[in-house]
Amino acid sequence: GAGVSQTPSNKVTEKGKYVELRCDPISGHTALYWYRQSLGQGPEFLIYFQGTGAADDSGLPNDRFFAVRPEGSVSTLKIQRTERGDSAVYLCASSLVSGYNSPLHFGNGTRLTVT
Amino acid sequence: AQTVTQSQPEMSVQEAETVTLSCTYDTSENNYYLFWYKQPPSRQMILVIRQEAYKQQNATENRFSVNFQKAAKSFSLKISDSQLGDTAMYFCAFIHISGNTPLVFGKGTRLSVIA
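So, here is what we can say about the structure in this document. (Residues numbered from 1 in each chain as written. Chains lettered and ligands numbered in written order. Predicted model: local features only at pLDDT ≥ 70, side-chain atom pairs only at ≥ 80, totals over all residues. Heavy atoms only, no water.)

1. A word on the side chain of T109 of chain B
Residues and elements named next belong to chain B. On the secondary structure map, T109 appears in strand 12 (residues 109-114). Classification of T109 by relative accessible area gives buried; the value is 0%. Separated by 2.6 Å, the side chain of T109 and the backbone oxygen of Q8 make a polar contact. Discounting residues that sit within four places of it in the chain, T109 has contacts with Q6, Q8, P9, E10, M11, L21, A88, M89 and Y90. (Helix = DSSP H or I, 4+ residues; strand = E, 2+ residues; numbered from the N terminus. Buried < 20%, exposed > 50% of the residue type's maximum accessible area, 1.4 Å probe, protein only. Polar contact = N/O pair within 3.5 Å; in protein donor to acceptor, adjacent residues only side chain to side chain. Contact = heavy atoms within 4.5 Å.)

Structural data, given as structure tokens:
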């Protein structure tokens, strides 16, 4: 498909487990963003990549959260020792380049439930 | 830091009527972009309309228009001739023109269009 793809669509895991969430951006898009959307809230910024490097990771809540984009395309958000408070929808977006004038294209998100 | 406030958690409108969603923001910057995004149950964020702060003319996109009041830091969305497919969460968002800070979202307004 031509859009941003996120897998899995839904993930249920037990407290304390490790999870990986995957994002396939639109081909050719150099900027990739991760947002977290808790119930009843707007999306909150986590991290963004320009190419392979994390240009801004100031939104990651703590060191249990980590994200990579080794080849400048697919990105994986990794959460260690999951907690119930991590339950949320994790949204990925990509844009042609970073910056205000390059619209963000969002995926359908991964709904993470930590039991 | 920039903040975006949406003071209406929920709104409803009759089909074919007009509805206005409110948004205010706080920033010390002079050059920025404002956006309205729609999020249907599919969870995908869809760009509805955007406004450049340096433009005095209000943006319009078919049935969607904005009332941008820069001095008041207000950015409301007007939906004319409401359709059932407009039922969704609507998020107001802000980004500084440098693009060095991430897109910041409000908490959203849930809009229901009633037949």
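Once you've had a look at it, read on.
2. A word on the interface of chain B and chain A
Taken together, the contact pairs 20 residues of chain B with 23 residues of chain A. Carbon and sulfur atoms make up 52% of the area that chain B and chain A hide from each other, which totals about 1,800 Å². At the boundary of chain B with chain A, the tally comes to zero salt bridges. Taken together, the connections running from chain B to chain A amount to six residue pairs in polar contact (both at pLDDT 80 or more). Secondary-structure elements contributing two or more residues to the side of chain B that touches chain A are strand 5 (32-39) and strand 10 (88-96) of chain B. Looking at the side of chain B that touches chain A, the element that brings in the most residues is strand 5 of chain B, giving four residues. Across the side of chain B that touches chain A, the residue classes tally to 10 nonpolar, seven polar and three charged. (Buried area = accessible area lost by both parts, 1.4 Å probe. Salt bridge = Lys/Arg side-chain N within 4 Å of Asp/Glu carboxyl O. Nonpolar A, V, L, I, M, F, W, Y, C, P; charged D, E, K, R; others polar.)

3. Remarks on the nonpolar core
Residue and element names in this part refer to chain B. If you look at the biggest cluster of nonpolar residues, it comprises 25 residues, and the most contacted ones within it are Y25, W36, F75, L77 and Y90. When residues of this core are traced back to their parent elements, those giving at least two are strand 3 (19-21), strand 5, strand 6 (46-52), strand 8 (64-69), strand 9 (74-79), strand 10 and strand 12. Take this core: its biggest share by element is four residues, from strand 10. Non-local contacts of Y25, meaning those with residues more than four positions away in its chain, are made with T3, V4, Y32, L34, F68, Q69, K70, K73, S74, F75 and F94. (Core = buried A, V, L, I, M, F, W, Y, C linked by side-chain atoms within 4.5 Å.)

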